[in-house]
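Inside the fold
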Amino acid sequence: QVLDTYIIAQTRDGIALVDQHAAHERLVYERLKRQLRERPRVASQMLLMPEVVELDAGAAARLVAAAEDLARLGLVLEPFGGSAVCLRETPALLGEVDGRLLLADVADALAEGEGTALVERRLDAVLARMACHGSVRAGRRMRAAEMNALLREMEAVPESLTCNHGRPTVLHLGRADIERLFGRR
């Protein structure tokens, strides 16, 4: 790991430079999508203490209106008066999350998707936003076993070569590329 953000790994013919956050975010997103395809709803974890989150009125209204669909995604909430919502469950795959940031981000995703009539596209956008909240952050020191597990999972998930936003998660430098950089070719 370099700069507590990138993983460098040797490949058959060179090296791979992996953005740990972007790669993990994509893997979490793909796991959430797979859970949703295989089950009626994403596995969730109940919060020990429900979190009351104050939002602007529009964001709260969007969340409450989409509560049934959000519950399918493992995000269980209910109105709590005014522009507040009470967050009761979050997708288990995300681990510990900041409820306020997660709900604000999900409300934004719902607002961006309002122009589309397809509920599935809105849900997919929400899944992509939620995946970010459960991912390894840039700047987090990873143990060798964690890095190895991330790389092995990337090998098994073809979509992991780009993040949810379309940017690359891994750059490959072949032997010829490296030799060219050092003036050997």
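Whatever comes next refers back to the structure up there.
I will try to describe carefully the structure that is included in this document. The model shown is predicted, which means the values in this text are computed figures rather than measured ones.

1. Structural notes on the sheet that holds strand β3 (residues 44-54)
Strand order in this open sheet of 3 strands is β3-β5-β4, and the pairing throughout is antiparallel. Of all the strands in the sheet, just β3 and β4 (76-79) have a single pairing partner and so form its edges. On average, each strand axis in the sheet is tilted by 15° relative to the strand beside it, whichever way the strands run. The pairing of β4 with strand β5 (residues 84-91) spans 4 bridges and is antiparallel. Considered in β5, the bridge of P79 is made with V85.

2. Side note on the pairing of strand β2 (residues 14-19)
Bridge count between strand β1 (residues 6-10) and β2: 5 bridges; the pairing is antiparallel. When the sheet's bridge partners are listed, I7 is paired in β2 with V18. Once β1 ends, the chain turns through 3 residues before running back antiparallel as β2. The pairing of β2 with strand β6 (residues 170-174) spans 5 bridges and is antiparallel. Across the sheet, residue A16 finds its bridge partner in β6, namely H172.

3. With respect to helix α2 (residues 57-65)
Along α2, the residues that are buried comprise A59, A60, R62 and L63. Viewed end-on, α2 has its buried residues packed into an arc of 160°, placing them on one side of the element. Across α2 from its buried face, at more than 90 degrees, point the exposed residues A57 and A65. Measuring from the side-chain oxygen of the N-cap residue of α2 to the backbone nitrogen of G58 gives 3.0 Å; that N-cap residue is D56.

4. Observations regarding helix α1 (residues 20-38)
Its 19 residues give α1 an end-to-end C-alpha distance of 27 Å, which sits within 8% of 27 Å, the value for a rise of 1.5 Å per residue. Burial analysis of α1 places 15 of its 19 residues in the buried class, which makes it a mostly covered element. By the N-cap criterion, in which a side-chain oxygen at the helix start approaches the backbone nitrogen of a residue two or three places on, α1 is capped by D19, the distance to H21 being 3.1 Å.

5. Quick look at the layout of surface pockets
Take a probe with the size of a water molecule and roll it over the atoms, and the empty space left behind shows itself. Approximately 280 Å³ is the volume found for the largest pocket. A total of 4 residues in the lining of the largest pocket trace back to one element, the largest contributor, which is helix α6 (residues 144-156). Residues belonging to the lining of the largest pocket are distributed by class as follows: 9 nonpolar, 4 polar and 2 charged.

6. With respect to the sheet that holds β6
Pairing in this open sheet of 3 strands is antiparallel, and the strands run β1-β2-β6 from one edge to the other. Of all the strands in the sheet, the pair left with one neighbour each is β1 and β6. Averaged over all pairs of adjacent strands, the angle between strand axes in this sheet comes to 20°, irrespective of strand direction. This element, α1, spans β1 and β2 of the sheet and lies at about 75° to β2. Packing against the sheet, α6 makes contact with β1, β2 and β6, and its axis sits at approximately 70° to β1.

7. Structural notes on the pattern of salt bridges
Once the charged atoms of two side chains with opposite charge are near each other, the side chains can pair. Under the counting rule described, the total for this entry stands at 12 salt bridges. Between R88 and E78 there is a salt bridge, with its nearest N and O atoms 3.1 Å apart. Here the residue R88 occupies a position in strand β5, and E78 occupies one in strand β4, the gap between them amounting to 10 residues. Here R140 and E146 are joined by a salt bridge, their closest N and O atoms 2.5 Å apart. Look at R140 and you get partly exposed, because its relative accessible area is 33%. One continuous salt-bridge network, built from bridges that share partners, spans R26, E30 and K33.

Parameters and conventions
Residues numbered from 1 in each chain as written. Predicted model: local features only at pLDDT ≥ 70, side-chain atom pairs only at ≥ 80, totals over all residues. Heavy atoms only, no water. Pairing = 2+ DSSP bridges. Helix = DSSP H or I, 4+ residues; strand = E, 2+ residues; numbered from the N terminus. Axes fitted to C-alpha atoms, helices over the stretch in contact; angles between N-to-C directions. Buried < 20%, exposed > 50% of the residue type's maximum accessible area, 1.4 Å probe, protein only. Arc of directions from axis to C-beta. Polar contact = N/O pair within 3.5 Å; in protein donor to acceptor, adjacent residues only side chain to side chain. Expected span 1.5 Å × (residues − 1). 1 Å grid on protein atoms, 1.4 Å probe; cavity = no way out; pocket = protein on both sides within 12 Å on 5 of 7 lines; lining within 4 Å. Points joined across faces, edges and corners; volume = space filled by probe spheres on them. Nonpolar A, V, L, I, M, F, W, Y, C, P; charged D, E, K, R; others polar. Contact = heavy atoms within 4.5 Å. Salt bridge = Lys/Arg side-chain N within 4 Å of Asp/Glu carboxyl O.

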